[in-house]
Amino acid sequence: MEPAQPADRVPADRTPPEGQPPVDPAPAGAVPPGEPALVEPAGRPAAPPTVGAAETGELPAPPPAADARRSERSPKDMAISLLVLLIPIALLLAFYRGFLGGDQPTVVDPAPALASARAANAFPVSQPEGLGAGWRTVNASFQQVEGGATLRLGYLTPEGRGVQVVQSSVPAERLLPTELTDQGQPQGQADLRGRTWQRYTARGNEQALVLLEPARTVIVVGDARDNELRALAGSLG
């Protein structure tokens, strides 16, 4: 005896009996009777929908080609780059020193300060005479101070040292500690052109020659050598 063949499934007639309202068809997604329902496992979050680059408007980041090229620079390349920067700087310095006189000190005219000191008639004013061409006047000033007046003439010696001539009517007991500091100590005498000067130490590596007179005190002080100090002191008339 042959097994019975299943009959073809025929859609059920959903026409309601006469006098009853029509029945809506099964909503979309409803599981037909007799079919197993698909259920997500409990506790498992739903996967977020993927969003394409076209929807977000963002473009993918380019590959780090620049960083790779930068890391591949050798020490030789860095040295060449540094040399390219240093050459213009060296040329500018050479032009400044060679053509513009960047290393040359500013020379001033002492005549106005000397004229002011003579006009004040506070003390006899002496001006260096007979100094060689290598001596340059770099500052000159005259001012009235408490207890008197002071004339200052600053020079750069032929050896490039700094020395200053101070002529003042301020009493020596006040002037010397101010100009020579507490380090100023007498070191003997020096006779120059018929005048007796006192040798003193001064601040740091400086030394001084001091001429004490009734109406003024003259100080020649600086870090110049002894022969240049004596030459400047002896040039004062």
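As the structure is a prediction and not an experimental result, all values here were calculated from the model. (Residues numbered from 1 in each chain as written. Predicted model: local features only at pLDDT ≥ 70, side-chain atom pairs only at ≥ 80, totals over all residues. Heavy atoms only, no water.)

### So, the side chain of Arg 216
At step 1: With respect to the secondary-structure elements, Arg 216 resides in the loop between strand S6 (207-212) and strand S7 (217-222).
At step 2: Classification of Arg 216 by relative accessible area gives buried; the value is 4%.
At step 3: Polar contacts involving the side chain of Arg 216 include one to the side chain of Gln 167, which spans 2.9 Å.
At step 4: Among the polar contacts made by the side chain of Arg 216, one reaches the side chain of Glu 213 at a distance of 2.7 Å. (Helix = DSSP H or I, 4+ residues; strand = E, 2+ residues; numbered from the N terminus. Buried < 20%, exposed > 50% of the residue type's maximum accessible area, 1.4 Å probe, protein only. Polar contact = N/O pair within 3.5 Å; in protein donor to acceptor, adjacent residues only side chain to side chain.)

### What about unusual backbone geometry?
At step 1: One non-glycine residue, Asn 121, lies in the positive phi region at around 55°.
At step 2: When you line up the elements, Asn 121 lands in the loop between helix H4 (111-120) and strand S1 (136-145).
At step 3: A positive phi is found at Arg 193, a non-glycine position, where the angle reads about 55°.
At step 4: Topologically, Arg 193 is positioned in the loop between strand S4 (186-192) and strand S5 (195-201).

### Observations concerning the pattern of salt bridges
At step 1: Evaluated as defined, the whole model comprises 5 salt bridges.
At step 2: Close ionic contact of Arg 225 with Glu 159 constitutes a salt bridge, the shortest N to O distance being 3.4 Å. Of the two residues, Arg 225 is situated in the loop between S7 and helix H6 (226-234) and Glu 159 in the loop between strand S2 (148-156) and strand S3 (162-168); the sequence distance between them amounts to 66 residues.
At step 3: You can call Glu 159 partly exposed: its relative accessible area is 40%. (Salt bridge = Lys/Arg side-chain N within 4 Å of Asp/Glu carboxyl O.)

### Thoughts on H4
At step 1: Of all the residues in H4, the buried ones are Ala 113, Leu 114 and Ala 117. The buried residues of H4 occupy an angular sector of 100° when projected down its axis, which confines them to one face. For H4, exposure combined with an orientation more than 90 degrees from the buried face picks out Pro 112 and Ala 119.
At step 2: Buried positions along H4 lie against S1 and S2.
At step 3: Positive phi shows up at Asn 121, right after H4, with a value of about 55°. (Arc of directions from axis to C-beta. Contact = heavy atoms within 4.5 Å.)

### Focus: H6
Counting along an α-helix, one turn takes 3.6 residues, and residues three or four places apart therefore face a common direction.
At step 1: All of the buried residues in H6 are Glu 228, Leu 229, Leu 232, Ala 233 and Gly 234.
At step 2: Buried positions along H6 lie against S2, S3, S4, S5, S6 and S7.

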